[in-house]
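Listed below, chain by chain, are the residues.
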Amino acid sequence: MKLIFEKSVPGRHSSLLPACDVPAYELPVETRQEPLDLPELCENDVSRHYTQLCQRVHGVNCGFYPLGSCTMKYNPRIDEEAAALPGFTAIHPLAPSEAVKGCREVLDLTAKYLCEISGMDGMTFQPAAGAHGEFTGVLLIKQYHDARGDKARTKIIVPDSAHGTNPATAAMCGYDVVNVASAPDGCVDLDALKAALGPDIAGLMLTNPNTVGIFDKNILEITRLVHEAGGLCYYDGANLNAVMGHVRPGDMGFDCIHMNLHKTFATPHGGGGPGAGAVGCKDLLKKFLPKSALMEGEGSIQVRGFAGNFLVVVRALAYLMTLGREGVPEASTNAVLNANYLMERIKGTFTPAFDRVCMHEFVLDLSEFKKETGVSALDVAKSLIDNGMHPPTMYFPLIVHEALMLEPTETESKETLDEAAEIFRKLFDLAHTDPEYMHHAPHHAQIGRPDEVAAARNPIVRWVKA
Ligand SMILES: *Cc1c(COP(=O)(O)O)cnc(C)c1O
C-alpha cells in the first residue's frame, strides 16, 4: 500500500471552505514562509486511504481481542458522543474557571466516583498514560519522604510478576529497584519481602490481581509489613476490570494508585491516542498532588498541562454514569466470569500456568506443548491471526515461559468465547499434525512476520522524501 505522501498529486484538493469574509491577515516575515510539504489529495482519496489503513489492522470492532493486561474491551459509542459535545470540545484551557463550570463539575464528579471505587481521598487527571501515572504516583511517595527529611530511602520493591513499567518508573524517579520473587502459587513470597524491607525502602509497587491473574491472598499482610518498615504502597491499577465495585485498593492498604481510564473506563486505546492515568492518593499524599487548573492539588510537581486529557475524563464519567452503582461491579463480575469460562474451555488442550480460579485474565504455559510439538507460543499467536482473532499477550509475564496471556473482558458473548475455545482446540490439533504450517503463520494476513528485532533496533517512523 502506498503512503499518503506517495499518493499526493500537486494541486489536487477539495475546496470545501467558503470564501473568506474577514480581512486577510499578512503573516509577519519571521514566520515560516516556505510551503509545508503536505500531501495534496481530494476528500475521496483521503477517505479511501484511511479506510484501507483501517482494514489492515485488527481492532476491537473487527473481532475478538483478548490481549492480556490491556483490557481491549468494547467502548460504548454513547461515551464518544458525550465527549464530542461542543460544551466540552470548544473550550479553551485558559478560560476563566467560572466560564467552564460544567467542565469543572465533570472533573470533580469523576474524581469523586473514582475515589469511591479505589478507596482514595484525592485525585489528579494530569498524567496522560498508565506509565505516566506511575511516575506521578511514585513522585508523590518521594515527596512524602523528602518532606519528612527522610533521605535514606533510596529503593523501591517490585515483585517479579510486575508490569515492565513498574521497575522503569522506579528507576525514572531515581530509585534503585529491588526485585522480589513470587512464590510457586504466583503470589508475593512473604519471606523474600520481609528480607527486602528496611530503612532504605521508600515503598512497594504492586498489581493485585497480579499479571498472572491471581489475587494475592496475603495483601493485607504485605501492605502492613511495608508500612511497618516505613514505606508506602503503590497500587498499579492500570487495569481495574477484575475488582472495581468489589474490593478497593485503599482498603487493601495502598496509599496511592493510578487507573488507566483508557483501559477500564471507555476510552479506545492501542493506536497511541490520548489516554489518562488518573492518580488517586490517600490524605497523607494529597498535598503533593500536582497543582492544576480546575483541580485541587497544591503540590510542586507538574507532569502535564492543565487538567490532562480532559475528554478522556468525560468518557469515563459517561461510562460510570451509564453503568451506575450496580453496573460497575456487574462489569467486573462478568470480566472474571468470562476469563474463568474461557480458561476452563481451553484447559482440555493448552495448560494454564496456574490451575486455579483466575481473576480477569489467565496465562497459558506452552513450554510442555512446545517440547512435544516444536510449536511455540509465537507460532500459536500468529496462527490465531489467520483465524480472525487478535493474539493474546505473548511472553509476558516473564515468570512463565512460552506464555500466552488472555483477557477476554466482560463485553464478549458466550458465543465469541466458545468460538475462541474452538479455534484453540483446532490449533492444538494442527500443531500435532502439521507443525511446519504453524511455523510460517500467518498465511492470510496483510503482513506476515515482521522482523521485530530490526524494527526495535532501527525504527523508521518518519517518511523521508526520496
Ligand atoms: C497497561 C499497563 C500499564 C501501562 O499503561 P500505559 O497507559 O500503557 O502506560 C502499567 N501497568 C499495567 C499492569 C498495565 O496493564
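Just so we're clear, the structure is a prediction, and the values are computed from it rather than from any experiment.

Asks: Honestly, the overall build of the chain in this entry has me stumped. Any pointers?
Replies: Check the secondary structure of the chain and you find 18 helices and ten strands. Taking 23 Å as the expected radius of gyration for a compact globule of 466 residues, we find that the chain reaches 24 Å, a close match to that expectation. C-alpha atoms of the chain, sized along the principal axes, occupy 75 × 65 × 45 Å. Counting only residues that meet the buried cut, the chain has 47% of its 466 residues in that class. Working note: accessible area of the chain is about 22900 Å², and carbon and sulfur atoms make up 57% of it. For the chain, the centre of its 41 positive side-chain charges and the centre of its 58 negative side-chain charges are spaced 3 Å apart.

Asks: I keep staring at the side chain of lysine 382 and nothing clicks. Help me out?
Replies: Here lysine 382 shows up in helix α15 (residues 377–386). The class of lysine 382 is buried, set by a relative accessible area of 11%. In contact with lysine 382, other than residues within four places in its own chain, are Ala441, Pro442, Arg449, Pro450 and Glu452.

Asks: In this structure, what is going on with the sheet that holds strand β6 (residues 256–260)? I would like to understand it.
Replies: The strands making up a sheet associate through hydrogen bonds between their backbones, and the pairing can be parallel or antiparallel. Read from one edge of the open sheet, seven strands run β1-β7-β6-β5-β4-β2-β3, paired in mixed fashion. What marks the edges here is a single partner per strand, and that holds for β1 (122–124) and β3 (176–180). Geometrically, the sheet is characterised by an average inter-axis angle of 20° between neighbouring strands, direction not taken into account. Judged from the three bridges that link them, β1 and strand β7 (residues 277–281) form a sheet pairing that is antiparallel. Bridging across to β7, threonine 124 finds its partner in valine 279. Against the sheet, helix α9 (residues 219–228) touches β4 (201–206) and β5 (232–237), its axis set at about 140° to β5.

Asks: Help me understand the packing of helix α5 (residues 101–118) against helix α13 (residues 310–346) in this model?
Replies: Pairs of packed helices are described in terms of their axes, by the angle between the two and the distance that separates them. The N-to-C vectors of α5 and α13 enclose an angle of 50°; their axes lie 9 Å apart at closest approach. Considering their axes alone, α5 and α13 lie oblique with respect to each other. Along this stretch, α5 crosses α13, giving a crossing that reads as left-handed. Counting all contacts with α5, which are made through Cys103, Val106, Leu107, Leu109, Thr110, Tyr113, Leu114, Glu116 and Ile117, the residues of α13 involved are Phe310, Val313, Val314, Ala316, Leu317, Leu320, Met321, Arg325 and Val328. Counted by class, the contact of α5 with α13 contains 15 nonpolar, one polar and two charged residues.

Asks: How should the nonpolar core be read in this particular structure?
Replies: Considering soluble globular proteins, one finds that nonpolar side chains tend to be buried as a cluster. Formed by 57 residues in total, the largest nonpolar core has its most connected members in Leu114, Phe125, Leu193, Leu240, Leu261 and Phe265. At the level of secondary structure, the elements contributing two or more residues to this core comprise α3 (77–83), α5, α8 (190–196), β4, α9, β5, β6 and α13. What phenylalanine 265 contacts, discounting residues up to four positions off in sequence, is Leu114, Ile117, Leu240, Met244, Asn260, Arg315, Ala316, Tyr319 and Leu320. Counting 28 residues, the second largest nonpolar core, distinct from the first, contains Phe350, Leu417, Phe424 and Ala431.

Asks: Would you mind showing me how to read the packing of aromatic side chains here?
Replies: Two measures describe an aromatic ring pair: the distance that separates the ring centres and the angle between the ring planes. Per the counting criterion, the structure on display carries eight aromatic pairs. An angle of 75° between the planes, with centres 4.9 Å apart, marks the rings of tyrosine 235 and phenylalanine 254 as edge-to-face. Of the two residues, tyrosine 235 is situated in strand β5 and phenylalanine 254 in the loop between α10 (249–252) and β6; the sequence distance between them amounts to 19 residues. The residues tyrosine 235 and phenylalanine 254 share a single accessibility class, namely buried. An aromatic cluster of three or more residues is present, and its members are Phe350, Phe369, Phe424 and Phe428. Sitting above the plane of the tyrosine 175 ring, lysine 142 keeps its charged end 5.0 Å from the centroid.

Asks: How should the site of the ligand be read in this particular structure?
Replies: Near the ligand the following residues occur: Ser69, Ala129, Gly130, Ala131, Glu134, His163, Thr165, Asp236, Ala238, Asn260, His262 and Lys263. Between the ligand and the protein, one listed contact pairs an oxygen atom with a backbone N or O atom of glycine 130 at 2.7 Å. The separation between a nitrogen atom of the ligand and a polar side-chain atom of aspartate 236 is 2.6 Å. Put simply, the parts of the chain that give the shell around the ligand at least two residues each are α6 (130–147) and α11 (261–264). Examining the composition of the shell around the ligand, we find that three residues originate from one element, α6, more than from any other. Its residues assigned to classes, the shell around the ligand comprises three nonpolar, six polar and three charged.

Asks: Looking at this structure, I do not really get the pairing of β3. What am I missing?
Replies: The side chains of a regular strand alternate between the sheet's two faces. Looking at chain direction, strand β2 (residues 155–159) and β3 are connected through five bridges and run parallel. Of the residues in β3, the one forming a bridge with proline 159 is valine 180. Read from β2 through helix α7 (residues 165–172) to β3, the crossover connection turns out right-handed.

Asks: Help me understand the sheet that holds strand β10 (residues 403–406), please; the structure alone is not making it clear to me.
Replies: Ordered in space as β8-β10-β9, the three strands form an open sheet in which the pairing is antiparallel. The open sheet has two edge strands with one neighbour each: β8 (362–365) and β9 (393–394). With two bridges connecting them, β9 and β10 associate as antiparallel partners. Bridge pairing in β10 links methionine 394 to leucine 404.

Asks: Would you mind going over the pattern of salt bridges with me for this structure?
Replies: Oppositely charged side chains are able to pair whenever their charged atoms sit close together. Summed over all chains, the structure comprises 23 salt bridges. The partner of lysine 217 in a salt bridge is aspartate 185, and the shortest N-O contact between them spans 2.7 Å. Taken together, the positions of lysine 217 in the loop between β4 and α9 and aspartate 185 in the loop between β3 and α8 put the pair 32 residues apart, joining distant regions of the chain. Taking the relative accessible area as the measure of exposure, lysine 217 reaches 55% and is therefore exposed.

Asks: Any chance you could explain a nonpolar patch on the surface here in plain terms?
Replies: A contiguous nonpolar surface patch, about 350 Å² in accessible area, is contributed by Met1, Val46, Tyr50 and Leu53. Residue position: valine 46 is located in helix α2 (residues 43–55).

Asks: What's the story with the environment of phenylalanine 135 in this structure? I'm lost.
Replies: Positionally, phenylalanine 135 belongs in helix α6. Residue classification places phenylalanine 135 among the partly exposed positions, given a relative accessible area of 23%. Along the backbone, phenylalanine 135 and histidine 258 are 123 residues apart, and their C-alpha atoms lie at a distance of 9.5 Å. In contact with phenylalanine 135, other than residues within four places in its own chain, are Thr169, Met172 and Cys173.

Calculation notes
Residues numbered from 1 in each chain as written. Predicted model: local features only at pLDDT ≥ 70, side-chain atom pairs only at ≥ 80, totals over all residues. Heavy atoms only, no water. Helix = DSSP H or I, 4+ residues; strand = E, 2+ residues; numbered from the N terminus. Rg over C-alpha atoms; globule rule 2.2 N^0.38 Å. Buried < 20%, exposed > 50% of the residue type's maximum accessible area, 1.4 Å probe, protein only. Areas by Shrake-Rupley, 256 points an atom, 1.4 Å probe, with all protein chains shown as cover. Lys, Arg positive; Asp, Glu negative; His and termini not counted. Charge placed at Lys NZ, Arg CZ, Asp CG, Glu CD. Contact = heavy atoms within 4.5 Å. Pairing = 2+ DSSP bridges. Axes fitted to C-alpha atoms, helices over the stretch in contact; angles between N-to-C directions. Parallel < 35°, antiparallel > 145°, perpendicular 65-115°, else oblique. Left-handed = near helix turned anticlockwise from the far one by under 90°. Nonpolar A, V, L, I, M, F, W, Y, C, P; charged D, E, K, R; others polar. Core = buried A, V, L, I, M, F, W, Y, C linked by side-chain atoms within 4.5 Å. Phe/Tyr/Trp six-rings, centres within 6.5 Å; stacked < 30°, edge-to-face > 60°. Lys NZ or Arg CZ within 6 Å of the ring centre and 35° of its normal. Near = heavy atom within 4 Å. Polar contact = N/O pair within 3.5 Å; in protein donor to acceptor, adjacent residues only side chain to side chain. Right-handed = clockwise from strand over helix to strand, strands pointing away. Salt bridge = Lys/Arg side-chain N within 4 Å of Asp/Glu carboxyl O. Patch = residues over 30% accessible without salt bridge, like charges linked within 9 Å, V, L, I, M, F, W, Y side chains within 5 Å.

Coordinates in, geometry out; function isn't part of it.
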